[in-house]
Amino acid sequence: MRKKIVAGNWKMNTSLAEGFSLAKEVIAGSSRVDQGVELVVIPPFTHLSEIVKLARGSRVRVGAQNCAQWPKGAYTGEVSASMLQSAGVEYVILGHSERREYFNETNRSLFEKLQLALQENLTPIFCCGEKLGEREAGQHFAVVEKQVAESLFGLETRQVQQVVIAYEPVWAIGTGKTATADQAQEMHAFIRGLLAGKYGSTLADSISILYGGSCKPSNAAELFAKPDVDGGLIGGASLVAADFIAIAGSF
Ligand code: PEP
């Protein structure tokens, strides 16, 4: 059985006090969500230790939004996978489209980040997805295949087993324009097929593939009802605890 996961990417939002309150509300609301759904909050780096302490003993897991592509050293401003592990963080988003776009992350650098995160027993949420022009040109499958192949296919089977994938069409992120449930299902099945081709269908069937892009309480149920959609990576709506819990309650 694949894990169902709903993860909230807070991006660069909330002060420490606001983030603490938001996490508290999510923890309080988590009793309304089916026990089979893993709930993950992903605050900014500065909030992680406090929120890890707050979430201890609850069912809510904590993730980071990125990690460095190097293990340690003279990389001012960077945060390593081992630092995240030492702070009690369990998940890390890698390859979010905003990082690919504004911070020049490449499929190759993401392969390196994935290896470091896995060495530290973090669960990477590896993001992939096409831009609007690429979809309009009919290149969306090729774009996603390249991202998945170049970042993931150098990993060993035992490493890939630990990875969660998030399909996030760039045109749907923060735009209010959600992929239809059929579009999401089509791409999720395609990604699962790629994994099956490389690692076999048993492994492919065990990997959680989340949908991300303007997912909200009003459309989550339809998306999550699709057989290859195992949950969501939620941006804007994760900043309102009631919406995040409602989305997670949509399974
Ligand atoms: C995201 O940034 O991962 C995301 C899915 O954002 P939003 O839900 O705001 O579109």
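Below, the structure is looked at part by part. (Residues numbered from 1 in each chain as written. Predicted model: local features only at pLDDT ≥ 70, side-chain atom pairs only at ≥ 80, totals over all residues. Heavy atoms only, no water.)

## Overview of the site of the ligand
To keep things clear, this is the line we draw: Any residue with at least one heavy atom within 4 Å of a molecule or strand is counted as near it. Polar contacts, as used here, are pairs of N or O atoms within 3.5 Å; protein pairs need one atom able to donate a hydrogen and one able to accept it. Residues neighboring in sequence count only if both atoms are side-chain atoms. The method behind every accessible area is Shrake-Rupley, applied with a 1.4 Å probe, and residues are considered shielded solely by the protein chains displayed.
For the ligand, the set of nearby residues contains 14 residues, the closest of which are Lys11, His96, Glu168, Gly174 and Ser214. One of the side-chain nitrogen or oxygen atoms of Lys11 is found 2.6 Å away from an oxygen atom of the ligand. In this structure, an oxygen atom belonging to the ligand sits 2.8 Å away from a main-chain N or O atom of Gly235. Protein chains shield 95% of the accessible area of the ligand, which is 290 Å² for the free molecule.

## Focus on unusual backbone geometry
Put simply, the rule is: Secondary structure elements follow DSSP: runs of H or I no shorter than four residues count as helices, runs of E no shorter than two count as strands, and numbering proceeds from the N terminus.
Although it is not a glycine, Lys11 adopts a positive phi angle of roughly 55°. Within the element layout of this structure, Lys11 appears in the loop between strand 1 (4-9) and helix 1 (16-29). The backbone of Thr14 sits at a positive phi, close to 85°, despite the residue not being glycine. Note that Thr14 resides in the loop between strand 1 and helix 1.

## Some thoughts on the packing of helix 1 against helix 12 (residues 241-248)
Here is the rule we go by: The convention used is that axes are lines fitted to C-alpha atoms, helices contributing only their stretch in contact, and that angles between N-to-C directions extend from 0 to 180 degrees. With the far helix as reference, a near helix turned anticlockwise by less than a right angle produces a left-handed crossing, and one turned clockwise produces a right-handed crossing. Contact between two residues is taken to exist if any of their heavy atoms lie within 4.5 Å; hydrogens are not considered. Each residue gets one of three labels, nonpolar for Ala, Val, Leu, Ile, Met, Phe, Trp, Tyr, Cys and Pro, charged for Asp, Glu, Lys and Arg, and polar for the others, Gly among them.
Relative to each other, helix 1 and helix 12 sit at 35°, their axes nearing to 9 Å. Where helix 1 crosses over helix 12, the handedness of that crossing is right-handed. Here Leu22, Glu25, Val26 and Gly29 of helix 1 lie close against helix 12, whose contacting residues are Ala241, Phe244 and Ile245. For the contact of helix 1 with helix 12, the class distribution of residues is five nonpolar, one polar and one charged.

## As for the state of the cysteines
Rule in force here: In what follows, a disulfide is any cysteine sulfur pair within 2.5 Å.
Summed over all chains, the structure comprises zero disulfides. Take Cys127: it sits in no disulfide, and the sulfur closest to it among the cysteines is that of Cys128, at 7.6 Å.

## Regarding the nonpolar core
Nonpolar side chains tend toward joint burial in soluble globular proteins. For clarity, the cut-off: Here the nonpolar core consists of buried residues drawn from Ala, Val, Leu, Ile, Met, Phe, Trp, Tyr and Cys, with membership extended through side-chain atoms lying within 4.5 Å. With a 1.4 Å probe rolled over the protein chains alone, any residue whose accessible area is under 20% of its type maximum counts as buried; one over 50% counts as exposed, and the rest are partly exposed.
Core analysis: the biggest nonpolar cluster contains 67 residues, and Val6, Leu152, Leu155, Ile165, Ile191 and Tyr211 have the highest contact counts within it. Ranked by the residues each element gives to this core, the list is headed by helix 9 (residues 181-199), at seven residues. Apart from the residues within four sequence positions on either side, Val6 is in contact with Val37, Glu38, Leu39, Val40, Phe224, Gly232, Ile234, Phe244, Ile247, Ala248 and Phe251.

## A word on the sheet that holds strand 5 (residues 123-128)
Note on sheets: strands pair through backbone hydrogen bonds, and any given pair is parallel or antiparallel. Stated formally: Two strands qualify as a pair provided that DSSP identifies no fewer than 2 bridges between them.
Strand order in this closed barrel of eight strands is 1-2-3-4-5-6-7-8, and the pairing throughout is parallel. Going across the sheet, the axis of each strand differs from the next one's by a mean of 30°, ignoring polarity. Two elements, strand 5 and strand 6 (residues 164-167), share four bridges in a ladder whose sense is parallel. Note that in strand 6 the partner of Cys127 across the bridge is Ala166.

## Some remarks on the side chain of Thr123
On the secondary structure map, Thr123 appears in strand 5. Non-local contacts of Thr123, meaning those with residues more than four positions away in its chain, are made with Glu90, Tyr91, Val92, Gln162 and Val164.

## Describing the environment of Asn66
Here Asn66 shows up in the loop between strand 3 (60-64) and helix 3 (81-86). In sequence terms Asn66 and Gly197 are 131 residues apart; their C-alpha atoms lie 28 Å from each other. Asn66 has contacts with Phe45, Leu84, Val92, Ile93, Leu94, Arg99, Glu105 and Lys113, leaving out every residue within four places of it along the chain. At 2.8 Å, the side chain of Asn66 forms a polar contact with the side chain of Lys113.

## A closer look at the pattern of salt bridges
Put simply, the rule is: Note on definitions: salt bridges are taken to be side-chain nitrogens of Lys or Arg within 4 Å of carboxyl oxygens of Asp or Glu.
Applying the stated criterion across every chain, the model contains 15 salt bridges. Its salt-bridge partner being Lys113, residue Glu105 comes within 2.6 Å of it at the nearest N-O pair. Neither residue differs from the other here; Glu105 and Lys113 are each classed as buried. Notably, a salt bridge pairs Glu156 with Arg158, separated by 3.0 Å at the nearest N-O pair. By relative accessible area, which is 53% here, Arg158 ends up exposed. Three or more residues joined by partner-sharing salt bridges are found here, namely Arg2, Arg192, Asp228 and Asp230.

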